[in-house]
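# Chains, contacts and geometry: an overview
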Amino acid sequence: MAEKNEDIGFKKDTVSKLLSSFFKEDKTRLSGDATLLVAEMLKVFVREAAVRSQKQAASEDCDQVDIEHFEKILPQLLMDF
Amino acid sequence: MSDDKDETQQRLKAAIHFTVGRLCQKTGEDHRRGFSRQAVAAIAETAFRQCDVFAKDLEAFARHAKRSTVTSEDVKLIARRSTALSIHIQNKTEELNQEKKSTGKRKSRDTEEESKE
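Right, let's walk through the structure included here. (Residues numbered from 1 in each chain as written. Chains lettered and ligands numbered in written order. Predicted model: local features only at pLDDT ≥ 70, side-chain atom pairs only at ≥ 80, totals over all residues. Heavy atoms only, no water.)

## As for the overall build of chain B
- When helices and strands are tallied, chain B shows 5 helices and 1 strand.
- N-terminal to C-terminal, the α/β element order of chain B is α-α-β-α-α-α.
- Partitioning the intrachain contacts of chain B with sequence separation of at least 6 by distance along the chain shows that 22% fall at a separation of at least 24.
- As displayed, chain B has an accessible area near 7,700 Å², and 47% of this comes from carbon and sulfur atoms. (Helix = DSSP H or I, 4+ residues; strand = E, 2+ residues; numbered from the N terminus. Contact = heavy atoms within 4.5 Å. Areas by Shrake-Rupley, 256 points an atom, 1.4 Å probe, with all protein chains shown as cover.)

## Observations regarding the packing of helix H2 (residues 32–59) of chain A against helix H2 (residues 37–64) of chain B
- At a minimum axis distance of 10 Å, the contact between H2(A) and H2(B) shows a crossing angle of 140°. For the pair H2(A) and H2(B), the sense of crossing is right-handed. Here Val38(A), Met41(A), Leu42(A), Phe45(A), Val46(A), Ala49(A) and Ala50(A) of H2(A) lie close against H2(B), whose contacting residues are Ile43(B), Thr46(B), Ala47(B), Gln50(B), Cys51(B), Phe54(B) and Leu58(B).
- Grouping the constituent residues of the contact of H2(A) with H2(B) by class yields 12 nonpolar, 2 polar and no charged. (Axes fitted to C-alpha atoms, helices over the stretch in contact; angles between N-to-C directions. Left-handed = near helix turned anticlockwise from the far one by under 90°. Nonpolar A, V, L, I, M, F, W, Y, C, P; charged D, E, K, R; others polar.)

## Regarding the side chain of Ser16(A)
- Tracing the backbone through its elements, the reader meets Ser16(A) in helix H1 (residues 12–22).
- Not counting residues up to four positions away in its chain, the partners in contact with Ser16(A) are Leu30(A) and Thr35(A).

## Side note on unusual backbone geometry
- Even without being glycine, Asp61(A) reaches a positive phi, approximately 60°.
- Summarising the element assignment, Asp61(A) is placed in the loop between H2 and helix H3 (67–80).
- Residue Arg32(B) is not a glycine yet carries a positive backbone phi of 55°.
- In this fold, Arg32(B) is placed in the loop between helix H1 (2–31) and H2.

## Points about the packing of H2(A) against H3(A)
All names here are of chain A.
- Here H2 crosses H3 at 135°, and the two axes come no closer than 9 Å. The angle between H2 and H3 places the two elements in the oblique class. Regarding H2 and H3, the two cross each other, and that crossing is right-handed. Along the contact surface, H2 presents Phe 45, Glu 48, Ala 49, Arg 52, Ser 53, Gln 56 and Ala 57, while H3 presents His 69, Phe 70, Lys 72, Ile 73, Gln 76, Leu 77, Leu 78 and Asp 80. (Parallel < 35°, antiparallel > 145°, perpendicular 65-115°, else oblique.)

## What to know about the interface of chain B and chain A
- Facing 56 residues of chain B, the contacting portion of chain A comprises 52 residues.
- Carbon and sulfur atoms make up 70% of the surface buried where chain B meets chain A, a total of about 5,100 Å² over both sides.
- When residues of chain B are sorted by the area they lose upon contact with chain A, Leu23(B), Arg33(B) and Glu59(B) head the list and together hold 13% of the total.
- Summed over the shared surface of chain B and chain A, the result is 2 salt bridges.
- Among the salt bridges present, the one from Arg63(B) reaches Glu25(A), with a minimum N-O distance of 3.4 Å.
- Our count for the chain B to chain A interface comes out at 15 residue pairs in polar contact (both at pLDDT 80 or more).
- Residue assignment for the side of chain B that touches chain A shows that the elements contributing at least two residues are H1, H2, strand S1 (69–70), helix H3 (72–78), helix H4 (83–102) and helix H5 (105–116) of chain B.
- A total of 16 residues in the side of chain B that touches chain A trace back to one element, the largest contributor, which is H2(B). (Buried area = accessible area lost by both parts, 1.4 Å probe. Salt bridge = Lys/Arg side-chain N within 4 Å of Asp/Glu carboxyl O. Polar contact = N/O pair within 3.5 Å; in protein donor to acceptor, adjacent residues only side chain to side chain.)

## Some thoughts on the state of the cysteines
- Evaluated as defined, the whole model comprises 0 disulfides over all chains.
- Between Cys62(A), a free cysteine, and Cys24(B), which holds the nearest cysteine sulfur, the sulfur-to-sulfur gap is 16 Å.
- The structure places no disulfide on Cys24(B), whose sulfur is separated from the nearest cysteine sulfur, that of Cys51(B), by 15 Å. (Disulfide = S-S within 2.5 Å.)

## With respect to the nonpolar core
- In this structure, Phe10(A), Leu19(A), Met41(A), Val20(B) and Val75(B) are the most contacted members of the largest nonpolar core, which totals 52 residues.
- When contributions to this core are tallied by element, the ones reaching two or more residues are H1, H2 and H3 of chain A together with H1, H2, H3 and H4 of chain B.
- In this structure, Met41(A) is in contact with Phe81(A), Phe54(B), Val75(B), Ile78(B), Ala79(B), Leu85(B) and Ile89(B), ignoring residues within four places of it in sequence. (Core = buried A, V, L, I, M, F, W, Y, C linked by side-chain atoms within 4.5 Å. Buried < 20%, exposed > 50% of the residue type's maximum accessible area, 1.4 Å probe, protein only.)

## Thoughts on the pattern of salt bridges
- Within this structure, the stated rule accounts for 15 salt bridges over all chains.
- Salt-bridge contacts for Arg11(B) lead to Glu7(B); the nearest nitrogen and oxygen are separated by 3.7 Å. With Arg11(B) and Glu7(B) both in helix H1 and 4 residues apart, this pair spans about one turn of that helix.
- With a relative accessible area of 45%, Glu7(B) lands in the partly exposed category.
- The network of salt bridges with common partners includes Glu25(A), Lys27(A) and Arg63(B).

Below is the structure:
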């Protein structure tokens, strides 16, 4: 059975550890809600990247989404975020 | 000591890569166009780096508000550039608040998770 889009996501624990590793100060903490929201942001980011890359591949009549397609949409994606 | 940190980063990268792979697979299924391994790896790497950007911004916003804990208010700020994204995050925040109100269980589960760490 195909999984619903809502089921796939980043684990709270992973996001929490990841963000903490990037903080510059030791004292910076992360609330539970913030972690879940960042996980959601990341999911949207990846989904946007995937869908836009896919559309790019489609516009070039390609059967597979390759790295070039992702590279072409990357600048706009970063600006939109 | 630095080896441990590298190992942790590697494991986190792998975790990100895994979920990115699944999301790409789902998108590929929906549009009947598969993603090359390179494409998935590139998206995963970019997502990983985007986390760094998020983290630095969140830390700065919290510090600006004279807090040491990053909250949902800070996350709302990083979503400000896109109206649709902003609204989506706001809705998610309200969803989380609703869940907290309806089941007090969530908070105790949260603290359970934290003490396990």
